[in-house]
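What follows is the residue order along each chain.
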There are 4 protein chains.
Amino acid sequence: MVLREPSLGPVFGIKGGAAGGGYSQVIPMEDINLHFTGDFAAIEKANNLLAALIDNNLQNKEHNLNIDPRTIKWKRVMDMNDRSLRQIVIGIGGTGNGIPREDGFNITPASEVMAILCMSKDIDDLKNRLGNIFVGFTFDKKPIFARDLKAQGAMALLLKDAIKPNLVQTLEGNPAILHGGPFANIAQGTNTILATKMGLSLGDYVVTEAGFGADLGAEKFMNIKCGYGKLAPEAIVLVATIRALRHHGGAKKEEYNTPSMERVSKGFQNLAKHIENCKKFGITPVVAINHFPADTTEEIEFVQTQCAALGVKAIVSYGFAKGGEGTQELAQAVCDVIDAGTNHFKPLYDWNLSVEEKIKTIATEIYGADGVEYSSKARTQLKMILNLGYDKLPICMAKTQKSLSDKETAVGRPTGFTINVREFEFAAGAGFIIPILGDMMRMPGLPAVPASEHMDIDNAGKISGLS
Amino acid sequence: MVLREPSLGPVFGIKGGAAGGGYSQVIPMEDINLHFTGDFAAIEKANNLLAALIDNNLQNKEHNLNIDPRTIKWKRVMDMNDRSLRQIVIGIGGTGNGIPREDGFNITPASEVMAILCMSKDIDDLKNRLGNIFVGFTFDKKPIFARDLKAQGAMALLLKDAIKPNLVQTLEGNPAILHGGPFANIAQGTNTILATKMGLSLGDYVVTEAGFGADLGAEKFMNIKCGYGKLAPEAIVLVATIRALRHHGGAKKEEYNTPSMERVSKGFQNLAKHIENCKKFGITPVVAINHFPADTTEEIEFVQTQCAALGVKAIVSYGFAKGGEGTQELAQAVCDVIDAGTNHFKPLYDWNLSVEEKIKTIATEIYGADGVEYSSKARTQLKMILNLGYDKLPICMAKTQKSLSDKETAVGRPTGFTINVREFEFAAGAGFIIPILGDMMRMPGLPAVPASEHMDIDNAGKISGLS
Amino acid sequence: MVLREPSLGPVFGIKGGAAGGGYSQVIPMEDINLHFTGDFAAIEKANNLLAALIDNNLQNKEHNLNIDPRTIKWKRVMDMNDRSLRQIVIGIGGTGNGIPREDGFNITPASEVMAILCMSKDIDDLKNRLGNIFVGFTFDKKPIFARDLKAQGAMALLLKDAIKPNLVQTLEGNPAILHGGPFANIAQGTNTILATKMGLSLGDYVVTEAGFGADLGAEKFMNIKCGYGKLAPEAIVLVATIRALRHHGGAKKEEYNTPSMERVSKGFQNLAKHIENCKKFGITPVVAINHFPADTTEEIEFVQTQCAALGVKAIVSYGFAKGGEGTQELAQAVCDVIDAGTNHFKPLYDWNLSVEEKIKTIATEIYGADGVEYSSKARTQLKMILNLGYDKLPICMAKTQKSLSDKETAVGRPTGFTINVREFEFAAGAGFIIPILGDMMRMPGLPAVPASEHMDIDNAGKISGLS
Amino acid sequence: MVLREPSLGPVFGIKGGAAGGGYSQVIPMEDINLHFTGDFAAIEKANNLLAALIDNNLQNKEHNLNIDPRTIKWKRVMDMNDRSLRQIVIGIGGTGNGIPREDGFNITPASEVMAILCMSKDIDDLKNRLGNIFVGFTFDKKPIFARDLKAQGAMALLLKDAIKPNLVQTLEGNPAILHGGPFANIAQGTNTILATKMGLSLGDYVVTEAGFGADLGAEKFMNIKCGYGKLAPEAIVLVATIRALRHHGGAKKEEYNTPSMERVSKGFQNLAKHIENCKKFGITPVVAINHFPADTTEEIEFVQTQCAALGVKAIVSYGFAKGGEGTQELAQAVCDVIDAGTNHFKPLYDWNLSVEEKIKTIATEIYGADGVEYSSKARTQLKMILNLGYDKLPICMAKTQKSLSDKETAVGRPTGFTINVREFEFAAGAGFIIPILGDMMRMPGLPAVPASEHMDIDNAGKISGLS
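Quick summary incoming for the structure in this document. This one's a predicted model, so the numbers in the text were calculated from it and none came from an experiment.

**Some words on helix H14 (residues 376-387) of chain B**
All names here are of chain B.
Move 1: Given a rise of 1.5 Å per residue, 12 residues ought to cover 16 Å, and the 17 Å separating the end C-alpha atoms of H14 matches this to within 8%.
Move 2: Taken residue by residue, H14 has Ala-378, Gln-381, Leu-382 and Ile-385 as its buried positions. Down the axis of H14, the buried side of the element spans an arc of 110°, and every buried residue falls inside it. Those residues of H14 that are exposed and aimed more than 90 degrees away from the buried face are Ser-376, Thr-380, Lys-383 and Asn-387.
Move 3: Packed against the buried residues of H14 are helix H13 (355-367), strand E15 (371-374), strand E16 (418-427) and strand E17 (432-437).

What follows is the structure, encoded as structure tokens:
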């Protein structure tokens, strides 16, 4: 099992920890949820070293690269839910304190350094990608990269341990490799290629995850990670819950635990679209119904029948309540699929297509959109991407995870919509272009009552409030 | 041997690493100089969690403490030489992004959390001190502390591993405990009380360090750390170099390696004052002359003769060139002093004196000043300190390490000067008052050519440029 | 003749003065183009007094209205092309210097105080409108108005002379009243109601202007100013140039002076649409062809023939070259129309319609759009406008003057487009709602070589560089 | 009578208008206290045009002067009490909105343009001085002046009417010229040289004013204005009040109207020092006791007797209560002194002395200080002034008006003190160096209840709340 590491920021917010639950948990939970092996701290440091080098270059008139401070795209990061740092002005206080400019902090998992770590196959590749990070433009409009600041060596040095995968175990003692932690809405959402390959070299079957809905995590896994990592998955486990189907069928938050055949049957259209999408990659998925206490037999059977009609097995998974034993049937079904050898992975699009064609393919094939619209800002940026020669990179959509469309409230299987590309970013080091649909948050905030208020440790080292 | 951990920020700047040199070094050097065991990262995170909680409290109208954003004293920290973060404006960008206010980052070792870690005797003490951190005032002028934000539990949780001392070894395999890393000019400059006590429980003789000149590190060690830790040192090793004596005798930077009896004899007055100061604590020091290649026998003998005239042994130490063997004579002399039992430690001042009396004592007795002047700002702050009831805390002077006075350029043993308290800060959690003499920098900057430019790691993991 | 006063800002920029040209000029030109009678300075002061009162209210805890500084909509103004003031952070520097917040300066003609002055019928009305200015919200989401700060009396006092119309003369000695100067793209674009009424009480025929294209100035004149001022125009002079028709027919800037029947005939569609629009207000316009040296007889005759086909007279005006004599024919034609009494003014829409209906009417009837789209931000603001009870106000579109659509480059008579409302503002005091289409600039910038570089005055008071 | 014009800012604050009171008033009061003839607005515009040109130069890469934005000394001004504008960050919002930098607004009378207007003898001199305004340094440390931005012509053009003196009258119909309005604590505090000279060309006796205490206004009048204007005053009227003498004798604010021989006799030492100072300029002053209702005969006679002992006439002036009639005796005494021809004006110091010597002369001779201390910042700036060649300019001290010393609370005639030069500014255009003693405010704030709240104008134009 190869998974992502959790970010510390949300631990103090609403979300809490991310080490799993019930009998389906990795341990030591407290360490995994806190500093763990220091990977995030190292990524943060590498990211912020580059930022300090940029501002230092602005300040010093020797070796000055003539960077226009208003064009700098590289932001600082902090693994903390800290909304006040989203948009800041730095370099105030006179000639000794740098050059004034606007800046902002993202949360650490949103750092391109995180994405680069996940994409790198070794230290040389890591350094190369770090050196390729796009920083901004000079006053003469020439692009500046991290390598122009000679930053990649020191950044890689800071990542010398972070690049090594971390081995932990489940409650039942099964090995789990945790490595890398990009979010799936704003980044590629999967663990490192190195960890996945390490898993492949050690086990017969390797299970990995792709965050959020299959329209985000799975699409990016197939088109980006498999491309860079030369991976060819042999099966997909598509995780569904009856709760989520009710939601996609129109249930409100307080009704998620209320059985309703009407809602499940309506919401099934969402799952059907995800199944259809998996098949577009040459793979017939196995659906895992993650069991919750309020699920009714009628609802479950309905889903199973509908899946069967689509040629797909849907199996109830009891991992939370029963651990490994509860997922035996599911595991068997997955092995059967793999052993049958009927799945033949193929990516959805060719990287050599134009950026607009690649985006259109994802939008129409995966999201079910009619087309794509670009803001005038996005069009300008698209030209810049073309001029800089980045148009052959794969696409990493930044889209809400709450809908197949780019509109949070459109549940189920929306149709008759266009998606709107508000602006573009690009990760020249990690190697992808990021069309941003709507307002995607890179730095979360804390809730009115942060989870931290209930956390404690006593003199004997006993921890409370962390889960 | 119980020492401090190095800060990562200066590693990329001019200073380079801080793991010692020659045969006098602790290993694994690369790890110690980089993330080490993550203590600094944990301190940074705990510091910044409090900052995020403060800004989150401003943002949320429920549970709002009515804090006046302009009075917030708690700054964020980053272990990076990053001058652009010294003075910033945060919370820009509308109602979703917090309340706009001025803020700034200090370097991590300057965090009060670092000072608190160094002063705490266990987790309960740690939490108590964290809760006592002063945050700022409400609009009604009431003080707000970290405990009002229920921050201390989560902060302590983040420090659960950082509070444990780190065991490393010297090149010769001798154990060394590295723990805590406050600077000695702006903070108390010594490792944690916990590490010192652990050392005392494990060894017959424990050697520890107190950063910068004896007017800073040693004075604070004796008056603050010994007070909180109930420690009574039995010997002082006063480290001197012929180079430094030349400097204090008037040599310019390019003349430091040029032998000069005139300069050494003039500069000796500086050492004499430090010897005198040690005796004020009831301890006759042993002077260690840290040997450099350009030292002449004549210069060394002069120092030894002069020291002898003051009743003090001065022994040449060859630790850099020869390791343990080179410091045998020194070690023996220190043991002799301890075994003789003639030293009887006593602090310089009574904590119950008024703040002005305590400062005056340090200024006149240790620095050799005629008196102390206060800016009008400092006087106002002094009243506030009195009103808040912090006047019985010990004093932690923030002063340049380059002179016994508060004027960098006054080398040797300056006389006929007054020191100027520009402003006050206070560490209500760590437990001391900080009079600030002159412009003390809390966040260094990088040089025109940062050390990071020469750092590298190759595909085999071989590191270069780090020392 | 009743006209607007020029803004000082653009005088130093690209645009230069705005007192007319050739024999068609008002004098004293230098004074009119500089401070004139101080009206703009008074408006600026009244605007900025309110701003100072707002920030003073934030600062003082007595009489504090609990305003959320992030919601303040009232900006400062300066009659200067000064792009650096567009977006600023104020209140930096500690507790004595106010509360930090984001702010910005608009150019003085963009001030709502300018709009209010233009709409007011007397001092009481002026004070009432000034008191109605919307400032922002409290932390409890209650709206705050200028009257809550008791600002209207002092603001009106500052405007005591500015409210009085200014009488100047043309080069030929004809009286001209100049009063008020709002821009026509971002504001209502016509002189004060008071000046227009003064003109009506003094002359038999009163000519006034409505800035930019008839889709902007005329539409707003008819629907807003006529509504508030109870005015019913009896004729419209629709000013056209052959140059502009060439432009709307596809000519580039360097081709504006190149005769081209093809372009004029294509560009005529733009004029035809404006003629059609005038008729929608119940008025058949007279077209004035403002003569330029490069106009050919063939082009002029084409326009006249086409106009005739639409039932409209098109007469060449030689005001620039010949003064009053050159406009005699035009004047006669206008008098004939008025005397015939065939025009019967009616507004385009009923103020009681919903905001969306009013906008849709203007967009489809006047611009020729297919429909209107709203950003999600605009929709939210629309709800707020409804909640505050401002939905029955007339509409003052902020749209580019370069096209009938909201896309600068769409010349001629564009079809098949929708307009996009990016956001809403509303002038609660002046009395209109402002849908903003695209990025409308409220504060211009200076060009690389500002006109000011060539301006001078010698010791004898002789002025150069101002025209 | 030649006087200064009032600033609008304080009119809305605590201070109210500045057109005099009782029977001693200039009219039309409302106009004088509001926009008057627009001089302040013109000065503000000229000042802010230069600021806009500076920021425009930063923005445009053509004609770019390579100015380091952090060194720009030229601030914007606004004639408004607006503390929130004291310290701001401008140029936020991306590449179109200028270069981000710190800036601030001063109140208009504090503008160097105001000082220049007061010092100029004609338009050529005005332009020359405007061109000499120091702006800041390039990144290569070269000084930049307004003339480098070709700003002086347009600035002078904006001042074409402001340079002309304004004629008003007293309530009794006597002519009064009002022109220029610099403050006396932070600037030179007297009306324009042009107005004074116009007065001299029109009347037999010209009375002018020099703001605040004679240690400020009079000293600057004698040493700066007389130097630039080649003026030689023949008499000094030293205005005193019994109230002020009580204050200097230790009375608290609420005791100012309580007769007290003890306080008056103690406070007389302050007046005695001012008399002594006048004599240092070769002029024996006439003391005018400005009469207040609570003055007792005993107090008045005491002052008169004491003055007589110093060879000085002290005459009670009843201008407020009785107008011209009440000042007849005073006027006669002044004429007598002039006609006697015994006064022979001489400046206090030679402009060719070093800056330190000039400052020392003022400090010891006029203030009664023992000496002068310089902060390290001031010393650095002094070197810069020397390097730029401005050390031969006269000195314009920025000092509190509340004490002869630089410490507000030191009433009476303080002795045994040194003054502290915190920093330097210099007005290269106006022609003086400004040593800043303590925190001198350049931009006032409004009180909790601004005077503006009570101001009004009714529909008939009747004004209230302005006095």
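**Overview of the sheet that holds strand E17 (residues 432-437) of chain D**
In sheet architecture, strand pairing relies on hydrogen bonds along the backbone and comes in two forms, parallel and antiparallel.
All names here are of chain D.
Move 1: The three strands lie next to each other as E15-E16-E17, forming an open sheet whose pairing is mixed. Both outer strands of the open sheet, strand E15 (371-374) and E17, are each paired with one neighbouring strand and no more. Direction aside, the axes of adjacent strands within the sheet are offset by 50° on average.
Move 2: Two elements, E15 and strand E16 (residues 418-427), share four bridges in a ladder whose sense is parallel.

**Some details on the side chain of D:Arg101**
Move 1: Within the element layout of this structure, D:Arg101 appears in strand E6 (residues 101-103).
Move 2: Here the side chain of D:Arg101 touches D:Asp55 through a polar contact of 2.9 Å, side chain to side chain.
Move 3: In this structure D:Arg101 touches A:Pro100, D:Asp55, D:Leu58, D:Pro69, D:Ile72, D:Arg76, D:Ile88, D:Val89 and D:Ile90, once residues within four positions along its chain are discounted.

**Observations concerning helix H9 (residues 261-280) of chain A**
Move 1: In this model H9(A) runs 29 Å from its N-terminal to its C-terminal C-alpha over 20 residues, within 8% of the 28 Å that 1.5 Å per residue would give.
Move 2: Of the residues trailing H9(A), A:Gly282 is marked for its positive phi of about 85°.

**Regarding the sheet that holds strand E10 (residues 166-170) of chain A**
All names here are of chain A.
Move 1: Read from one edge to the other, the open sheet built from five strands follows the order E1-E11-E10-E3-E2, with strand pairing classed as mixed. The open sheet has two edge strands with one neighbour each: strand E1 (2-3) and strand E2 (20-21).
Move 2: Direction of pairing for E10 relative to strand E11 (residues 175-178): antiparallel, over a ladder of four bridges. The residue bridging Gln-169 from the neighbouring strand is Pro-175, located in E11.
Move 3: Where helix H6 (residues 193-202) meets the sheet, it contacts E1 and E11, and its direction lies at approximately 160° from that of E11.

**Things to note about the interface of chain A and chain D**
Move 1: Across the boundary between the two partners, chain A contributes 16 residues, which contact 16 residues of chain D.
Move 2: In total, about 1300 Å² of surface goes out of reach between chain A and chain D, with carbon and sulfur atoms giving 68% of it.
Move 3: Taken as a group, A:Arg70, A:Pro100 and A:Glu102 account for 44% of the area that chain A buries against chain D, more than any other trio of residues on that side.
Move 4: The interface formed by chain A and chain D contains zero salt bridges.
Move 5: Where chain A meets chain D, there are 10 residue pairs in polar contact (both at pLDDT 80 or more).
Move 6: Tallied by class, the residues present in the side of chain A that touches chain D amount to five nonpolar, six polar and five charged.

**What about the relation of the copies chain A and chain D?**
One chain copy maps onto the other through a rotation about an axis and a shift parallel to that axis.
Move 1: Mapping chain A onto chain D calls for a screw motion: a turn of 180° about the axis and a shift of 0.1 Å along it, with 0.1 Å RMSD after fitting. Overall, the copies show the geometry of a two-fold rotation axis. Every residue of chain A has its C-alpha some distance from the rotation axis, and the shortest such distance is that of A:Pro100, at 2.9 Å.
Move 2: Most of the interface of chain A is mirrored in chain D, where 100% of its interface residues are also at the interface.

**Thoughts on the packing of helix H3 (residues 112-119) of chain B against helix H4 (residues 123-131) of chain B**
Residue and element names in this part refer to chain B.
Move 1: In the contact formed by H3 and H4, the axes pass within 9 Å of each other and the chain directions differ by 150°. One element, H3, and the other, H4, form an angle in the roughly antiparallel class. The way H3 lies across H4 gives a crossing that is right-handed. Judged by residue contacts, Val-113, Ile-116, Leu-117 and Met-119 of H3 engage Asp-125, Leu-126, Arg-129 and Leu-130 from H4.
Move 2: Among the residues making up the contact of H3 with H4, the classes are represented as six nonpolar, no polar and two charged.

**Focus: the arrangement of the chains**
Move 1: No interface is formed between chain A and chain C, the nearest pair of C-alpha atoms being 9 Å apart.
Move 2: If you take every C-alpha in chain B and every C-alpha in chain D, the smallest gap between them is 9 Å, and the two do not touch.

What counts and how
- Residues numbered from 1 in each chain as written.
- Chains lettered and ligands numbered in written order.
- Predicted model: local features only at pLDDT ≥ 70, side-chain atom pairs only at ≥ 80, totals over all residues.
- Heavy atoms only, no water.
- Helix = DSSP H or I, 4+ residues; strand = E, 2+ residues; numbered from the N terminus.
- Expected span 1.5 Å × (residues − 1).
- Buried < 20%, exposed > 50% of the residue type's maximum accessible area, 1.4 Å probe, protein only.
- Arc of directions from axis to C-beta.
- Contact = heavy atoms within 4.5 Å.
- Pairing = 2+ DSSP bridges.
- Axes fitted to C-alpha atoms, helices over the stretch in contact; angles between N-to-C directions.
- Polar contact = N/O pair within 3.5 Å; in protein donor to acceptor, adjacent residues only side chain to side chain.
- Buried area = accessible area lost by both parts, 1.4 Å probe.
- Salt bridge = Lys/Arg side-chain N within 4 Å of Asp/Glu carboxyl O.
- Nonpolar A, V, L, I, M, F, W, Y, C, P; charged D, E, K, R; others polar.
- Least-squares fit on C-alpha atoms with pLDDT ≥ 70 in both.
- Parallel < 35°, antiparallel > 145°, perpendicular 65-115°, else oblique.
- Left-handed = near helix turned anticlockwise from the far one by under 90°.

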